[in-house]
Amino acid sequence: MANSPSGDSATDRIVRILETFTSDRTVQTVAQIGRRAALPSSTVYRQVDALVAAGLLERDDEQRVRLGMRLWELALRGSDALRLRQAALPSMERVQAEIRQHTQLAVLEHDEALFLERLSHPAAGANITRVAGRLPVHASSSGLVLLAYGPPELQERVLAAPLARVAPETITDAAALRRTLAEVRTRGYVVAPGSIEAVSTGVAVPVRGAAGDVIAALSVVLPRTVPTDAAIAALLRAAAEIRTRLAHAR
Ligand code: PHB
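Residues numbered from 1 in each chain as written. Predicted model: local features only at pLDDT ≥ 70, side-chain atom pairs only at ≥ 80, totals over all residues. Heavy atoms only, no water.

1. Side note on the overall build of the protein
Selection criterion: Here a strand is any run of E in DSSP of at least two residues, a helix any run of H or I of at least four, and the numbering for each starts at the N terminus. Here's how the labels work: a residue is buried when its accessible area is under 20% of the maximum for its type, exposed when over 50%, partly exposed in between, all with a 1.4 Å probe on protein chains only. What makes two residues a contact is simply this: any of their non-hydrogen atoms within 4.5 Å. Accessible areas in this description were obtained via Shrake-Rupley with a 1.4 Å probe; residue shielding takes into account the shown protein chains only.
A tally of helices and strands in the protein yields 9 helices and 8 strands. Its C-alpha atoms put the protein at 60 × 40 × 35 Å along the principal axes. When the 250 residues of the protein are sorted by exposure, 44% land in the buried category. Pairs at least 24 apart in sequence give 52% of the contacts found in the protein among residues at least 6 apart. When the accessible surface of the protein is split by element, carbon and sulfur atoms take 54% of a total near 12,900 Å².

2. Here's the deal with the pairing of strand E4 (residues 112-120)
Inclusion rule: Two strands qualify as a pair provided DSSP detects at least 2 bridges between them.
Pairing between strand E3 (residues 102-109) and E4: 8 bridges, direction antiparallel. Among the inter-strand pairings, Gln104 is bridged to a residue of E4, identified as Arg118. Where E4 meets strand E5 (residues 134-136), 3 bridges bridge the pair, whose relative direction is antiparallel. What sits directly across from Ala113, in E5, is Leu135.

3. Things to note about the pairing of strand E6 (residues 190-193)
The alternating pattern of E6 places Val190 and Ala192 on a buried face, while none of Val191 and Pro193, on the opposite face, is buried. As judged from the 4 bridges shared by E6 and strand E7 (residues 200-208), these two strands associate in the antiparallel manner. By the bridge assignment, Ala192 is partnered in E7 with Gly202. Once E6 ends, the chain turns through 6 residues before running back antiparallel as E7, passing Gly194 with a positive phi of about 60°.

4. Thoughts on the sheet that holds E6
Short version of the rule: Between N-to-C directions, angles span 0 to 180 degrees; the directions come from axes that are lines fitted to C-alpha atoms, helices contributing only their stretch in contact.
Within the open sheet, the 6 strands sit side by side as E5-E4-E3-E8-E7-E6. Their pairing is antiparallel. Looking along the sheet, the strands with just one partner apiece sit at the ends: E5 and E6. Strand after strand, the sheet turns through a mean of 30° between neighbouring axes, direction not considered. Sheet analysis places E3 next to strand E8 (residues 214-223), joined by 5 bridges and oriented antiparallel. Within the sheet, the bridge partner assigned to Gln104 lies in E8 and is Ser219. Against the sheet, helix H5 (residues 80-99) engages E3, E4 and E8, with an angle of about 50° to E4.

5. Section: empty space enclosed by the protein
This is how it is decided: Only protein atoms enter the 1 Å grid, on which a cavity is a set of points fitting a 1.4 Å probe that cannot get out and a pocket is an open set with protein on both sides within 12 Å along at least 5 of 7 lines, lining residues being those with an atom within 4 Å of a point. Grid points are joined across faces, edges and corners, and a volume is the space filled by probe spheres set on the points.
Scanning the model with the defined rule gives 1 cavity of 30 Å³ or more in all. Reported here for the largest cavity is a volume of approximately 150 Å³. As for the largest cavity, its lining consists of 20 residues, and the residues nearest its centre are Ser140, Ser141, Ile196, Gly202 and Val221. Those elements that place two or more of their residues in the lining of the largest cavity are helix H6 (141-148), E7 and E8.

6. Describing helix H1 (residues 10-19)
Counted only if it meets this: For this quantity, the arc is that covered by the directions from the helix axis to the C-beta atoms.
What H1 keeps buried is the set Ala10, Arg13 and Ile17. Buried residues along H1 cover an arc of 60° about the axis, so they all sit on one side. The elements touched by buried residues of H1 are helix H2 (30-37), helix H3 (41-53) and strand E1 (57-59).

So yeah, pure geometry; function would need other evidence.
Below is the structure:
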């Protein structure tokens, strides 16, 4: 692909444009995209036109731009994440019917927990998780599970970096986090009260694939006052069901 005078390729520029869209910023003007992607105006107008023509971006009536359905369609084609979500959904619905709060499925993606699905009861408590959104691995229950069973290089990378205090009870001390991860592996689940927001408790368990390796985390988010035993039991049952379903789907 042609390189610009600054040395970035056309692919780099496209990625930079697409990455200006976040879960909090889903609609932008072309000028905003250009500023956030640090691209010259002529480049960004030309690239956005090309991406709209290809369906990867869409324009609304006010000429503002959002990610296109075609991007979603291509991303889900043959996706392991979609297969996992489909295998997990019946069990997630059972957990949700029983616990009546929030039930979520997350995978590890670039050192963060990426959420593939979230089911919520209309009267459920607070929850900052979004589908296709991310949470830090050291501060969310799903993240703690993914970290505890993740590659040792990931654990060392996370433990070596500053651990941001997201909420009053986030674990920010590396030695304490190391102890918590060992505890998660011993118990097979984590209960994380006030780790990412003061008012909620996250409860998460590992989901194993057909070969027995941990491929995801299944979690519920409860108001702080709700006891966690029923959620732990429901999640462990659901994770075992998902593993069986994945084994049969091979
Ligand atoms: C958690 O997984 O620990 C968690 C996630 C979202 C919340 C609260 C807790 O809003």
